[in-house]
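# Descriptive analysis of the structure
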Amino acid sequence: MRPTPLRVGLAVTAASAVSLALVVPATAAPSPDALIAEVYGGGGNSGATLTRDFVELANRGDSPVALAGWSVQYLPGSASASSRWQATPLTGTVEPGKRFLVAQAQGSGGTVQLPTPDVTGAIAMSATGGTVALVTGTEPLTCKTAADCAADTRIRDLVGYGSATVVRETTPTANLSNTTSAARPALTDTDDNAADFTVGAPTPVNSKGQGTGDPDPEPQPGDKRIRDIQGTTRISPLVGTKVAGVPGVVTATRATGDRGFWIQDTAPDTDPRTSEGVFVYTAGLAPTVEPGDSVLVSGTIAEYRPGGDNASNANQTLTEITGATVTVLTKGNALPAPVVLTPPDGFIPTAGGGSVETLPLEPAKYGQDYYESLEGMYVQVDDARVVGPTNNFSETWITTRPDQNPTPRGGTVYLGYDQPNSGRIKVKAGSATPQASNVGDVWRGATVGNVEYTNFGGYTLATKSVGEHVSGGIQPETTDAARQYELSVATYNVENLAATNPQAKFDRLAAAVVNNLASPDVVVLEEIQDNNGATDDGTVAADQTFAKFTEAIVAAGGPRYEWRQIDPQNKADGGQPGGNIRVAFLFNPARVSFVDRAGGDATTPVSVVKQHGRAALSVSPGRIDPANLAWADSRKPLAGEFKFRGRTVFVVGNHFTSKGGDQALHGRYQEPNRSSEVQRLKQAAALRAFVDQVQAVDRGANVVLAGDINDYQFSPTVQALTAGGSVVDLISTLPESERYSYVFDGNSQTLDHILISSNINRYRYDVVHINAEFTDQASDHDPQVVKLRPSTGNPQVDRMVFLLEDIAECVRG
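Quick summary incoming for the structure in this document. Values in this document were obtained by computation on a predicted structure and should not be read as measured data.

This brings us to the overall build of the protein chain. If you tally the helices and strands in the protein chain, you get 9 helices and 43 strands. Here the C-alpha atoms of the protein chain give a radius of gyration of 37 Å, more than 25% beyond the 28 Å that 2.2 N^0.38 yields for 813 residues. Taken over the C-alpha atoms alone, the protein chain extends approximately 115 × 80 × 45 Å along its principal axes. For the protein chain, restricting intrachain contacts to residue pairs at least 6 apart in sequence, the fraction spanning at least 24 positions comes to 69%. As displayed, the protein chain has an accessible area near 31800 Å², and 52% of this comes from carbon and sulfur atoms. A distance of 5 Å separates the average location of the 64 positive side-chain charges in the protein chain from that of its 87 negative side-chain charges.

Next up on the list: the pairing of strand 4 (residues 52–59). Buried residues dominate strand 4, accounting for 8 of its 8 residues. The alternating pattern of strand 4 places Arg-52, Phe-54, Glu-56 and Ala-58 and Asp-53, Val-55, Leu-57 and Asn-59 on opposite faces, both of which are buried. The pairing of strand 3 (residues 34–40) with strand 4 spans 6 bridges and is antiparallel. When the bridges of strand 4 are listed, Glu-38 appears paired with Glu-56.

This brings us to the nonpolar core. Formed by 27 residues in total, the largest nonpolar core has its most connected members in Leu-487, Val-489, Phe-642, Val-651, Val-704, Ile-754 and Tyr-765. The contacts of Val-651, once residues within four sequence positions are left out, are Val-489, Val-524, Phe-585, Leu-638, Ala-639, Gly-640, Phe-642 and Val-704. Within the second largest apolar cluster, 26 residues are counted, among which are Phe-506, Ala-512, Val-514 and Leu-586.

Let us look at a nonpolar patch on the surface. The grouping of Val-797, Met-800, Leu-803, Leu-804, Ile-807 and Val-811 at the surface amounts to a nonpolar patch, some 590 Å² of accessible area in total. Position of Ile-807 among the secondary structure elements: in helix 9 (residues 795–812).

The next subject is the side chain of Arg-424. With respect to the secondary-structure elements, Arg-424 resides in strand 23 (residues 424–429). The side chain of Arg-424 is buried and forms no salt bridge, while Asp-745, the nearest opposite charge, is found at 5.2 Å. Polar side-chain contacts of Arg-424 include one of 2.5 Å to the backbone oxygen of Asp-745. Polar contacts involving the side chain of Arg-424 include one to the side chain of Asn-747, which spans 3.3 Å. With residues up to four places along the chain from it excluded, the contact list for Arg-424 reads Phe-347, Tyr-371, Trp-397, Ile-398, Thr-399, Leu-665, Asp-745, Gly-746 and Asn-747.

Here we come to the packing of aromatic side chains. What the rule picks out here adds up to 18 aromatic pairs. Between Tyr-40 and Phe-54 the ring centres are 5.6 Å apart and the planes differ by 40 degrees, which places this aromatic pair in the tilted class. Placement of the pair is Tyr-40 in strand 3 and Phe-54 in strand 4, with a sequence separation of 14 residues. On the basis of relative accessible area, Tyr-40 is assigned to the buried category, the value being 1%. Ring centres 5.1 Å apart and planes at 80 degrees place the aromatic pair Tyr-414 and Tyr-712 in the edge-to-face group. One end of the pair, Tyr-414, is in the loop between strand 22 (396–399) and strand 23; the other, Tyr-712, is in the loop between strand 37 (702–708) and helix 8 (716–722), with 298 residues separating them in the sequence. Among the residues examined, Tyr-712 registers a relative accessible area of 9% and is labelled buried. Members of the aromatic cluster, each reached through a chain of ring pairs, are Tyr-370, Tyr-371, Tyr-453 and Tyr-459. Stacked on the ring of Tyr-417, the Lys or Arg Arg-674 has its end atom at 3.6 Å from the ring centre.

Either a parallel or an antiparallel arrangement is found when strands of a sheet pair, and the pairing is made through backbone hydrogen bonds. Read across the sheet, 6 strands follow the order 10-9-4-3-13-14 without closing on themselves; strand pairing throughout is mixed. In this open sheet, the two edge strands, each paired with only one partner strand, are strand 10 (119–120) and strand 14 (198–200).

All told, the structure shown has 1 disulfide when counted by the stated rule. Disulfide partner of Cys-143: Cys-149, at an S-S distance of 2.1 Å. Disulfide Cys-143-Cys-149: torsion about the S-S bond near 95 degrees, hence right-handed. Just as Cys-143 is buried, Cys-149 falls in that class too.

Moving on: the pairing of strand 6 (residues 71–76). Most of strand 6 sits inside the fold, with 5 of its 6 residues counted as buried. Here strand 6 runs beside strand 7 (residues 86–89); their pairing, made up of 4 bridges, is antiparallel. Pairing of Tyr-74 across the sheet is with Gln-86, part of strand 7. Here strand 6 runs beside strand 11 (residues 130–135); their pairing, made up of 6 bridges, is antiparallel. Across the sheet, Gln-73 pairs through a bridge with Ala-133, a residue of strand 11.

Conventions adopted
- Once a new chain begins, its residue numbering starts again from 1 and follows that chain's sequence as written.
- This being a predicted model, a pLDDT of at least 70 is required before a residue's local features are given, and a value of 80 or more before pairs of side-chain atoms are given or counted; all residues contribute to the totals for chains, interfaces and linings.
- Working from all heavy atoms in the structure, the side-chain values ignore hydrogens and water.
- Note on conventions: DSSP H or I runs of at least 4 residues are helices, E runs of at least 2 residues are strands, and numbering of each starts at the N terminus.
- Based on C-alpha atoms, the radius of gyration is set beside the globule rule, defined as 2.2 Å times the residue count to the power 0.38.
- In what follows, residue pairs with any heavy atoms lying within 4.5 Å of each other are defined as contacts.
- Here the open area of atoms and residues is found with the Shrake-Rupley method and a 1.4 Å probe, where only the protein chains shown may cover a residue.
- Positive charges come from Lys and Arg, negative ones from Asp and Glu, while His and the chain ends are left out of the count.
- Every charge is mapped to an atom, namely NZ of Lys, CZ of Arg, CG of Asp or CD of Glu.
- For each residue, the accessible area found with a 1.4 Å probe, counting protein chains only, is set against the maximum for its type, and the residue is called buried under 20%, exposed over 50%, and partly exposed in between.
- One requirement defines pairing of two strands: DSSP has to find at least two bridges between them.
- Within this scheme, the nonpolar core is defined by two criteria: the residues are buried Ala, Val, Leu, Ile, Met, Phe, Trp, Tyr or Cys, and they are joined through side-chain atoms within 4.5 Å.
- Residues with no salt bridge and a relative accessible area higher than 30% make up the patches, which join like charges within 9 Å and nonpolar side chains (Val, Leu, Ile, Met, Phe, Trp, Tyr) within 5 Å.
- Just to be clear on terms, a salt bridge is a Lys or Arg side-chain nitrogen sitting within 4 Å of an Asp or Glu carboxyl oxygen.
- Whenever two N or O atoms come within 3.5 Å, that pair is a polar contact, provided that in protein one can donate a hydrogen and the other can accept it, and provided that, for residues adjacent in sequence, both atoms are side-chain atoms.
- The rule is short: rings of Phe, Tyr and Trp, with Trp giving its six-membered ring, pair when the centres are within 6.5 Å, and they are stacked under 30 degrees, edge-to-face over 60, tilted in between.
- A ring is considered to have a charge above it if a Lys NZ or an Arg CZ atom is located within 6 Å of its centre and within 35 degrees of its normal.
- Note on disulfides: each one is a pair of cysteine sulfur atoms within 2.5 Å.

This is how it looks when you write it as structure tokens:
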């Protein structure tokens, strides 16, 4: 209870400069319900019988008292300026006429355990004297005197035990010992601790009425099963509800990261929509249960949304039990047989762009519904094939449908918004860590674990055991060199290359240009950063980055490339802050020449002019329509005019705005909103307008568009570029299973493109797989290269010139 302080001052003469104050705790209305019934601090001490200290509460009222958000707190008897209250947070309820046992620190002595505590703390209480407070909050108290504590309205009841204790109600109890406690036998509260409490042998009693030596009653399951928690949709019908005695067998535990354990009901129902497994979240504590333990779990049902529970987060949720208490019934039980994953071909239902979370699950129709129906359950994949290489977070993507859109190298190709490949599932380490793997590798035998939902990937298999790693044997590819009459143009996203990067990165990229791409005549580069990379100091020049890269190419045995580029305005082109990424050209002057026309800068647009009846650029290099809002916070295309064997070729380097902000394929909003597509469509329109300008002046002009378009071959962005057939997207000329240069979430897909004007009809095109499928990457993109015969601008002349070149090639070869 909270007594009101009364201060009485007694003053002596002014000359003495002394004043005295007498503090007298006043009385107040006693607590009508919850109060402290017994305190004991000798547990585990020499001569003690009990092994732990304890505080026992009681409810003398007529209604239950909920203790959530309350605490039991302790202060040493002789409190000093440095003394601090220690708090044990409470949960649960103390029923009318019942007791509630709060266990505290355990000592090394004693032989008798407390009856099962209702709450367990770790405060080491003094055996002889101290203060215990029942507080309607969890923040530690700050009062150090009886008067100050009496003024704190959070204190519901307070007991000072031991004759020297400063903070008390009126008079403290007599001294206690290792073998005695202070108990309130009649639950009376007169605001005088000495009058209300008697000293005697400790008699702890818990909320079940059990004392020391009383056997625990056989625990019984509650009225809810895991299937009731999981329900038939993605959201638990019991979310926010407290459940008691949920039965299950522990199938796996996790002691790091998101700590907790999985339980599964061994007596499932027949409804395929309801999962029989659930994750029990233990927060900062490592789980103490073991696989095979038969348990009863009590706690609160929650839906955890990775990335934050807000409307803009498209992630789905993971159903879990939080704030759990666990009773282990038996140990060493057999685990349920794992479910072999066999998702259907469909992916996820649509909801007109809205959430699918309230839709009844259809696990026989949709793969994502199938995984949801197994959330928390113990599952298995046999001979799992890797379709997404192990990343820096030790996450790997496998397929449970190896026949689903396979690539020749073992991946799963993404061929349309309606074909997202339902067999894909992310794998992260549970109690077993898979070996780092490349696309096409196989984990021979059974890979076993539990299904959960995580950030950056959605449904995930947390592994308990992993099959034997067998290499799929893929090797970095090489392309053949361009023939004498072919102009080779490559595109390569070098992933934030800056002069400050380690020399090893430059050497590896350079070796790929020379050995894997066969030293192309022109290399369109994306993500070249300024000279000091991410250092945000206004630097925009990148000459040191280019010099370091071209020298590395020479050292690798390649040609001495020259470069052309335009420095962007500071922080105007997106990408890593301070990096000022841009597109650029490298070219081999021994094979191709660059037509330099002065005047190109960050803000001057390039235009198409007519010279001698043919198209030419007003500035070269020049940026396409840089003031167009389509390019806001994005890279501006770079156009360059090249000459090869007397023929003009216009090459445009591109790096469209990223897909950042798009909703995930696996998210709750279906179909996903591809918000970034709006800007790319505007960019495609601006780029296509430039191509149309070239072709309006010269229908026979050779145009090559290369770079990171950041969109798929089936996307509206690419369709806008190729509309009408005057531009051809070369990735779409490959067999469907080979249409990829990038791997994301286990889908082999393409973001990089080389497009050519349709009048170029003699070409050889190759995506050179050296990065995206491998756990060890120089970049996350694979380069591409086209080896083409530029047109003379006249189809009849082309046929004659190409024939003569072919004859000369045969004679030479």
